[in-house]
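Residues per chain are reported as follows:
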Amino acid sequence: MIPVQNKVDLKPYNTFGLEVTTRYFAEIFSESDFIALQQTDVYKTTRHLIIGGGSNILLLNDFDGLVIKNCIKGITSTAQADGSLLVKAGAGEVWHDFVLFTIEKGWAGLENLSLIPGCVGASPMQNIGAYGVEIKDCFYELEALHVKTGEKRIFSKQECRFGYRESIFKQEEKGNYFITSVTFALKREAVTNTSYGAINDELNKMGVQQPGIRDVSQAVINIRRSKLPDPLITGNAGSFFKNPEVNKEVYERIREKHENVVAYPLSNGKVKLAAGWLIENCGLKGYERHGAAVHAKQALVLINKQNATGKAIYELSAFVMQTVFDTFGVELEREVNIIT
Ligand code: FAD
Ligand code: EPU
């Protein structure tokens, strides 16, 4: 029997720190736990929300269904003939602890993704990325159980259809699978990626000339700590919006008036704009209403400044989107998953 609790406070389970509850709550420690949960009346008769660390969700209300917290642990590795390693992690492993584990072992690939909150199981959902690397760069495969049939399926990298903050699990297969493990292909030799400018600047500050993966991880940690609010102190879910990809014409139109617009050319001919720059240049940095605010150091992050409700944060996000559209003619898209 899988214990299902009634009326559980979700404040410790969402990094916005919202004071909301769930009607039912269950923790899953193995695949067979999930199969057993599927047989229960609660599972069969209510809607579900699977969570890891709750660091990319915005709960608008008390949840009237079953929240399923993935706690599946375990890390195993298999050496490949070419010297690389396949490292499989349970979906409930804490992402940053897993990254530190691989660094301790001297396995390269995930160091640029240090200090991202949340669990391993959510990492493929939006193909998490930071400082020039996305998980697709070393993703091998994942295992998942179908939420209706319990049938196990292995998704290859191609099948996950990774894109910028995108995967099949946010599109056609949205809500259909419970991810139980993710396998990464890592390298034994210390091949570092310091192409993202801020990393080199930080390494210089640290006095490191020939960085190994441990140095890159530390540089990323330092940069992140200086910019992003710590969810344990200030509720947030990281970037609230994606950086928008626009046509060259749109970019040129903005640049005519704002020479300093921050933008990155893409291989498809489009241009990615820094949404943080757009929001800041609408005068919204630090803007606050009903306890929800645009972070004063990083305008792409919305925060729970003072007892905000999920609705207040959502309404602030709608206001930010409208203001950016009215000012620059650019539509922002939310990155955070909105739970109604
Ligand atoms: P949750 O918030 O619990 O869930 C997110 C979504 O995935 C939900 O839709 C949920 O239903 C689904 N889900 C979770 N686990 C499973 C599972 N096992 N099976 C099926 N569905 C599942 N993201 C980045 O990409 N890059 C960053 O640099 C970054 N920085 C951040 C900084 C801060 C301070 C914060 C608070 C967040 C940041 N994020 C970043 C966002 C977030 O940390 C990631 O998206 C992370 O992968 C979410 O993991 P989680 O376990 O908390 O997911
Ligand atoms: N900027 C401003 N004002 C701001 C914020 C940013 O002008 O208030 C400009 C700055 O010029 C800066 C540029 O925007 O140089 C980019 O900012 P930053 O390097 O902080 O990155 P970002 O584009 O805001 C993205 C990701 C982050 C990831 C970092 C580092 C998205 C949506 N966000 O943020 O991911 O950690 O790059 O790679 O792509 C997340 O997804 O939750 C997240 C935090």
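Everything here concerns the structure above.
Cut-offs applied
Residues numbered from 1 in each chain as written. Chains lettered and ligands numbered in written order. Predicted model: local features only at pLDDT ≥ 70, side-chain atom pairs only at ≥ 80, totals over all residues. Heavy atoms only, no water. Helix = DSSP H or I, 4+ residues; strand = E, 2+ residues; numbered from the N terminus. Polar contact = N/O pair within 3.5 Å; in protein donor to acceptor, adjacent residues only side chain to side chain. Contact = heavy atoms within 4.5 Å. Axes fitted to C-alpha atoms, helices over the stretch in contact; angles between N-to-C directions. Parallel < 35°, antiparallel > 145°, perpendicular 65-115°, else oblique. Left-handed = near helix turned anticlockwise from the far one by under 90°. Pairing = 2+ DSSP bridges.

**Student:** Could you clarify how one ought to interpret the side chain of Lys242 in this entry?
**Tutor:** Looking at where Lys242 falls in the secondary structure, it is placed in the loop between strand E13 (235-239) and strand E14 (245-246). Here Glu166 takes part through its side chain, which lies 2.9 Å from a polar atom of the side chain of Lys242. In contact with Lys242, not counting residues within four places along its chain, are Tyr164, Arg165, Glu166, Lys170, Ala275, Leu332, Glu333 and Glu335.

**Student:** What's the story with the environment of Lys285 in this structure? I'm lost.
**Tutor:** One can find Lys285 in the loop between helix H8 (275-280) and strand E17 (288-289). When the C-alpha atoms of Lys285 and Leu302 are compared, they prove to be 9.8 Å apart, with 17 residues separating the residues in sequence. Apart from residues lying up to four places away in sequence, Lys285 is in contact with Ile279, Glu280, Val294, His295, Ala296, Lys297, Gln298 and Ala299.

**Student:** Explain the packing of helix H3 (residues 95-105) against helix H6 (residues 213-227) here, please?
**Tutor:** For any two helices packed against each other, the geometry is given by the interaxial angle and the distance between the axes. In contact at an axis separation of 9 Å, H3 and H6 are set at 155 degrees when each is read in the N-to-C sense. By the criterion of interaxial angle, the relationship of H3 to H6 is roughly antiparallel. At the point where H3 passes H6, the crossing takes the left-handed sense. Within the contact between the two elements, H3 uses His96, Leu100, Ile103 and Glu104 and H6 uses Ile213, Arg214, Ser217 and Ile221.

**Student:** How should the environment of Ala299 be read in this particular structure?
**Tutor:** Turning to its location among the elements, Ala299 is positioned in the loop between strand E18 (292-294) and strand E19 (301-304). Each C-alpha atom of the pair Ala299 and Arg253 lies 22 Å from the other, and the pair is 46 residues apart in sequence. Every residue in contact with Ala299, bar those within four places of it in the chain, is listed here: Gly276, Ile279, Glu280, Lys285 and Val294.

**Student:** What am I meant to see in the sheet that holds strand E3 (residues 48-51) here?
**Tutor:** Whether parallel or antiparallel, the strands of a sheet pair through hydrogen bonds between backbone atoms. Read across the open sheet, the four strands follow the order E1-E2-E5-E3; overall the sheet is mixed. Sheet topology places strand E1 (5-9) and E3 at the edges, where each strand pairs with a single neighbour. Averaged over all pairs of adjacent strands, the angle between their axes in this sheet comes to 40 degrees, without regard to strand direction. Bridge analysis of E3 against strand E5 (residues 63-70) gives four bridges, and the strand direction is parallel. Looking across to E5, one finds that Ile51 is bridged to Lys69.

The quantities given are spatial measurements derived from coordinates; they are silent on function.
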